[in-house]
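Results of the structural survey
Next come the chains, spelled out residue by residue.
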Amino acid sequence: MPTQIKICGLKTEAEIVAAAKSGATHIGLNNYEPSPRYVDLEQAAALRMRTPAHVKVVLLLVNAEPGYTAKALEIVKPDVVQFHGTETHQWLRLLKGATSAEIWKALGVKDAETLKNSARFVGAADLLLFDAPAQALPGGTGMRFDWSLLADHRHELPWGLAGGLTPTNVADALRQTHAPMVDTSSGVESAPGIKDMDKIAEFCKAVRDYDNS
Ligand SMILES: O=C(O)c1ccccc1N[C@@H]1O[C@H](COP(=O)(O)O)[C@@H](O)[C@H]1O
């Protein structure tokens, strides 16, 4: 199975088309207002409509209220909603029963305990995204966590790797972790919030070269 590739924080149709042409399987639209990658719900809905059908659209929310989450799902109609804050497994389990969108939960990996405790999301999330712990922003910081923590972890859910992935380190990350999915945002930018099409292409090529090696 080829590694799945998510390019997150896209703000224009041109970026989405470039990511799709490069081989991204998922694109992320960030609805967290403090982020330099923020798009509002109307922009996200318009971008979603322009995304090639074979690419899945992931809407990123951070600690959104239930009412806002329902509105976001209705307006954007994403394939996936990625929760990147401190959302609880109880709340996500409730939501899971009420939406057809896939639910992804991002977790900041501090230590082996974080990974062990992630089992509480079984039945509440479709996929766990292991990222570096939150800094001033909950994600998109370009920080990595200690990938060796994943070596002894028995995954109980589908999962992906995020946090500080770049065209130059993603093959190494895959060799060390065997992640079935990789996710990047700041690692394919020329400045915060400005995507670099060449870096997107290099990132996807590095993943496909790893898959074919
Ligand atoms: O990108 C952001 O600004 C962001 C803000 C709030 C929550 C998550 C955010 N980004 C996500 O964080 C991970 C890792 O990003 P990076 O590759 O280290 O820049 C990824 O899922 C981003 O989509």
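Remember, it's a predicted structure, so these values are computed and weren't measured experimentally.

The subject of this paragraph is the UniProt feature "domain: N-(5'phosphoribosyl) anthranilate isomerase (PRAI)" (unreviewed entry) in the protein. The UniProt record annotates "domain: N-(5'phosphoribosyl) anthranilate isomerase (PRAI)" (unreviewed entry) at residues 5–205. The annotated region residues 5–205 carries 30% helix and 21% strand content, and the separation between its end C-alpha atoms amounts to 11 Å.

The next subject is the site of the ligand. Near the ligand there are 27 residues, and of these Cys8, Ser35, Gly139, Gly140 and Ser186 occur at the shortest range. Of all the elements in the fold, those that place two or more residues in the shell around the ligand are strand S2 (26–30), strand S6 (127–131) and strand S8 (181–184). Each residue belonging to the shell around the ligand can be placed in one class, and the counts come to nine nonpolar, 15 polar and three charged.

A few words on the pairing of strand S1 (residues 4–7). Where S1 meets S8, four bridges bridge the pair, whose relative direction is parallel. Considered in S8, the bridge of Lys6 is made with Asp183. As a crossover connection, the stretch from S1 through helix H1 (residues 13–22) into S2 is right-handed.

On to helix H6 (residues 170–177), then. Listed in full, the buried residues belonging to H6 are Val170, Ala173 and Leu174. Each buried residue of H6 lies within a common arc of 100° when the element is viewed along its axis, so the set occupies one face. The inward-facing, buried residues of H6 abut strand S7 (159–162), S8 and helix H7 (197–211). One or two positions beyond H6, positive phi appears at His178, with a value near 55°.

Locating Asp79 in the fold gives a position in the loop between helix H3 (66–76) and strand S4 (80–83). A tally of 17 C-beta atoms within 10 Å means that Asp79 is categorised as partly exposed. Along the backbone, Asp79 and Arg48 are 31 residues apart, and their C-alpha atoms lie at a distance of 9.5 Å. Aside from chain neighbours lying at most four places away, what touches Asp79 is Lys56, Val57, Ala101 and Glu102.

Counting residues in each nonpolar core, the largest one holds 57 residues, and the members touching the most others are Ile7, Ile27, Leu59, Phe130 and Val182. With sequence-adjacent residues up to four places away left out, Ile7 is seen in contact with Ala19, Ala24, Ile27, Gly28, Thr184, Val188 and Ile200.

This part is about the packing of H1 against H7. The geometry of H1 relative to H7 is characterised by a closest axis approach of 9 Å and an angle of 25° between their N-to-C directions. Looking at the two axes, H1 sits roughly parallel to H7. Between H1 and H7 the crossing geometry is right-handed. Side by side, H1 and H7 meet where Ala18, Ala19 and Ser22 of the first sit next to Met197, Ile200, Ala201 and Cys204 of the second.

One closed barrel accounts for eight strands, arranged S1-S2-S3-S4-S5-S6-S7-S8; its pairing is parallel. Between one strand and the next, the sheet's axes are offset by a mean angle of 25°, whatever the strand orientation. Both strand S3 (residues 56–61) and S4 contribute to a ladder of four bridges, which runs parallel. The residue bridging Leu59 from the neighbouring strand is Val81, located in S4.

Turning our eyes to something else, we now look at the confidence of the model for the protein. Any region with low pLDDT has predicted coordinates that should not be read closely. Averaged over the protein, the pLDDT score is 96; the fraction of residues at 70 or greater is 100%. In the model output, the complex is listed with pTM 0.96 alongside ipTM 0.97.

Assignment of secondary structure puts Ser35 in the loop between S2 and helix H2 (41–49). When the C-alpha positions of Ser35 and Gly9 are compared, they lie 9.0 Å apart, and in sequence the two are 26 residues distant. The residues contacting Ser35, other than those within four sequence positions of it, are Asn30, Leu137 and Gly140.

Moving on: H7. Along its 15 residues, H7 runs 21 Å from first to last C-alpha, staying within 8% of the 21 Å computed at 1.5 Å per residue. All of the buried residues in H7 are Ile200, Phe203, Cys204, Ala206 and Val207. The buried residues of H7 occupy one face: seen down the axis, they fall within an arc of 155°. Counted as exposed and oriented over 90 degrees from the buried face of H7: Asp198 and Asp209.

What counts and how
Residues numbered from 1 in each chain as written. Predicted model: local features only at pLDDT ≥ 70, side-chain atom pairs only at ≥ 80, totals over all residues. UniProt positions renumbered as here; feature names shortened; annotations may be inferred. Helix = DSSP H or I, 4+ residues; strand = E, 2+ residues; numbered from the N terminus. Near = placed C-beta within 6 Å. Nonpolar A, V, L, I, M, F, W, Y, C, P; charged D, E, K, R; others polar. Pairing = 2+ DSSP bridges. Right-handed = clockwise from strand over helix to strand, strands pointing away. Buried ≥ 20, exposed ≤ 12 C-beta atoms within 10 Å, placed from the backbone. Arc of directions from axis to C-beta. Contact = placed C-beta atoms within 7 Å. Core = buried A, V, L, I, M, F, W, Y, C linked by C-beta atoms within 7 Å. Axes fitted to C-alpha atoms, helices over the stretch in contact; angles between N-to-C directions. Parallel < 35°, antiparallel > 145°, perpendicular 65-115°, else oblique. Left-handed = near helix turned anticlockwise from the far one by under 90°. pLDDT = per-residue confidence, 0-100. Expected span 1.5 Å × (residues − 1).

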